[in-house]
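# Observations on the model geometry
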Amino acid sequence: MRQEELKNNLEDVERRVAEACKRAGRDRSEVTLIAVSKTKPVEDLQVIYDAGIREFGENKVQELTGKIPEMPTDINWHLIGHLQRNKVKYIVDKVKLIHSVDSYRLAEEINIQAKKHGVIVPILIEVNVANEASKFGVKYEEAKQLCEEISHLDAVHIEGLMTIAPNVVVPEENRANFHKIKDLSVDIANENIDNVDMRVISMGMTNDFEVAIEEGATHVRVGTAIFGARNYSI
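In this report, we go over the structure that sits alongside the text. The structure presented is a predicted model; accordingly, all values stated were derived computationally and were not measured. (Residues numbered from 1 in each chain as written. Predicted model: local features only at pLDDT ≥ 70, side-chain atom pairs only at ≥ 80, totals over all residues. Heavy atoms only, no water.)

### Observations regarding helix α1 (residues 2-23)
Formally: Working definition: helices are DSSP H or I runs of at least four residues, strands are E runs of at least two. Numbering for both runs from the N terminus. Expected span of a helix: the number of residues minus one, times 1.5 Å. Any two residues whose heavy atoms approach within 4.5 Å at even a single point are treated as in contact.
Relative to the 32 Å expected for 22 residues at 1.5 Å per residue, α1 spans 32 Å between its end C-alpha atoms, a close match to the ideal helical length. Of the surrounding secondary structure, the elements contacted by the buried residues of α1 are β1 (32-36), α2 (42-50), α8 (209-214), β9 (219-222) and α9 (224-227). Positioned one or two residues after α1, G25 has a phi angle of 70°, which is positive.

### Examining the packing of α1 against α2
What counts is decided by this rule: Working convention: axes come from line fits to C-alpha atoms, limited for helices to the stretch in contact. Angles between N-to-C directions cover 0 to 180 degrees. An angle below 35 degrees is read as roughly parallel, one above 145 as roughly antiparallel, one from 65 to 115 as roughly perpendicular, and any other as oblique. The hand of a helix crossing depends on one turn: near helix anticlockwise from the far one by less than a right angle means left-handed, and clockwise means right-handed. Residues are grouped as follows: Ala, Val, Leu, Ile, Met, Phe, Trp, Tyr, Cys and Pro are nonpolar; Asp, Glu, Lys and Arg are charged; every other residue, Gly included, is polar.
Put simply, α1 and α2 touch, their axes get as near as 10 Å, and they point 50° apart. With respect to their mutual orientation, α1 and α2 come out oblique. The interaxial crossing formed by α1 with α2 has right-handed handedness. For the pair α1 and α2, contact is made by R2, Q3, L6, K7 and L10 and by D44, V47 and I48, respectively. When its residues are assigned to classes, the contact of α1 with α2 shows four nonpolar, one polar and three charged.

### Points about the pattern of salt bridges
Side chains bearing opposite charge may pair, as long as their charged atoms lie close to each other. As a reminder of what qualifies: Here, a salt bridge means any Lys or Arg side-chain nitrogen found within 4 Å of an Asp or Glu carboxyl oxygen. Three labels apply to residues, based on accessible area from a 1.4 Å probe with only protein chains included: buried if under 20% of the type maximum, exposed if over 50%, partly exposed otherwise in between.
Applying the stated criterion across every chain, the model contains 23 salt bridges. Of the charged contacts, one joins R175 and E172 as a salt bridge, the two residues approaching to 2.4 Å between their closest N and O atoms. Between D197 and R199 there is a salt bridge, and its shortest N-O distance comes to 3.1 Å. We classify D197 as partly exposed; its relative accessible area is 27%. The network of salt bridges with common partners includes D12, R15, R16, E19 and E210.

### Topic: helix α5 (residues 104-117)
Along its 14 residues, α5 runs 20 Å from first to last C-alpha, staying within 8% of the 20 Å computed at 1.5 Å per residue. The complete set of buried residues in α5 reads L106, A107, E109, I110, N111, Q113 and A114. Buried residues in α5 make contact with α4 (88-91), β4 (97-101), β5 (121-128), α6 (143-150) and β7 (156-163). A positive phi of about 65° marks G118, the residue just after α5.

### Description of the environment of R2
Following the sequence through the fold, R2 ends up in helix α1. The class for R2 is partly exposed, based on a relative accessible area of 31%. Remark: the alpha-carbon pair of R2 and V47, spanning 45 residues in sequence, is separated by 9.3 Å. Excluding residues within four positions of it along the chain, R2 makes contact with D44 and F227.

### A word on the packing of aromatic side chains
Which entries qualify depends on this criterion: For Phe, Tyr and Trp, rings pair up if their centres lie within 6.5 Å, where Trp contributes its six-membered ring, and each pair is then called stacked (planes under 30 degrees apart), edge-to-face (over 60) or tilted (otherwise). Put simply, a charge is over a ring when the Lys NZ or the Arg CZ is close to the ring centre, within 6 Å, and near the line of the ring normal, within 35 degrees.
Evaluated as defined, the whole model comprises one aromatic pair. Note on F56 and W77: the rings are 6.0 Å apart at their centroids and 40° apart in plane angle, and the pair reads as tilted. With a gap of 21 residues between them, F56 in strand β2 (residues 55-58) and W77 in strand β3 (residues 76-79) connect regions that are remote in the sequence. With a relative accessible area of 0%, F56 lands in the buried category. The positively charged end of R54 is found above the aromatic ring belonging to Y49, 3.6 Å away from the centroid. Here K180 stacks its cationic end above the ring of Y140, 4.4 Å away from the centre of that ring.

### Here's the deal with unusual backbone geometry
Phi angles above zero are rare outside glycine, and T39 is one such case at about 70°. The topology assignment puts T39 in the loop between β1 and α2. We classify T39 as buried; its relative accessible area is 10%. Phi angles above zero are rare outside glycine, and N131 is one such case at about 50°. Mapped onto the fold, N131 is located in the loop between β5 and β6 (138-139). Exposure remark for N131: the relative accessible area of 42% places this residue in the partly exposed category.

### Observations concerning the pairing of β1
The condition that has to hold: For two strands to count as paired, DSSP must find a minimum of two bridges between them. Crossover handedness is defined by viewing with both strands directed away from the observer: a clockwise path from the first strand over the helix to the second marks the crossover as right-handed.
Burial of β1 is extensive: four of the five residues sit out of reach of the surface. As judged from the four bridges shared by β1 and β9, these two strands associate in the parallel manner. Residue pairing in the sheet places L33 in a bridge with V220 of β9. Direction of pairing for β1 relative to β2: parallel, over a ladder of two bridges. In the sheet register, V36 faces β2, and the bridge partner there is G57. In this region the chain leaves β1, passes through α2 and returns to the parallel neighbour β2; the handedness of that crossover is right-handed.

This is the structure we're talking about:
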């Protein structure tokens, strides 16, 4: 029963992604669906994997490193939650993309650990688009400068931007925020900064991913709509 529920959930999300792409005049291949599997057991992840998903997102380093050995090796893991500098060494060579870099000091630590492991680490700059006190992320107006500072680190590569928009009742209320992030990515791309690309815009979650896609998201992070409500006791 649980397997059928998960598969049905995923099919519904895939349908909604495709419809949002169609409304925006975009090809479905332009949007990567990341299944956010935080607090969910590997049995649930396996069902979604078997249904074709290869992109999984986790918030916590400990949970991520615990799941990696239990799951197939061709999964692309995304670290989407706040990353503490002392945890970088555990995941730097294990993830496809770190979405939540919001300071030079964190990027510097990623750079140090990346060199130790002989890897180049793709990162996104997390932007606090609405300047919410409760959220991490660099201020909108400081994002370009942070990109310039981090660009000099040779073992990290900036792939784009990430934001966690405000938790709103009506998804449409976040359209302006998503539009701002898209505009910011264009502005930064136009600077032609070495070692900085703006090919990735990670924005939109269960509540508002369709609006995010319409405003240019390349990666959407969907958890609840696929796996059901989070277990907050974990």
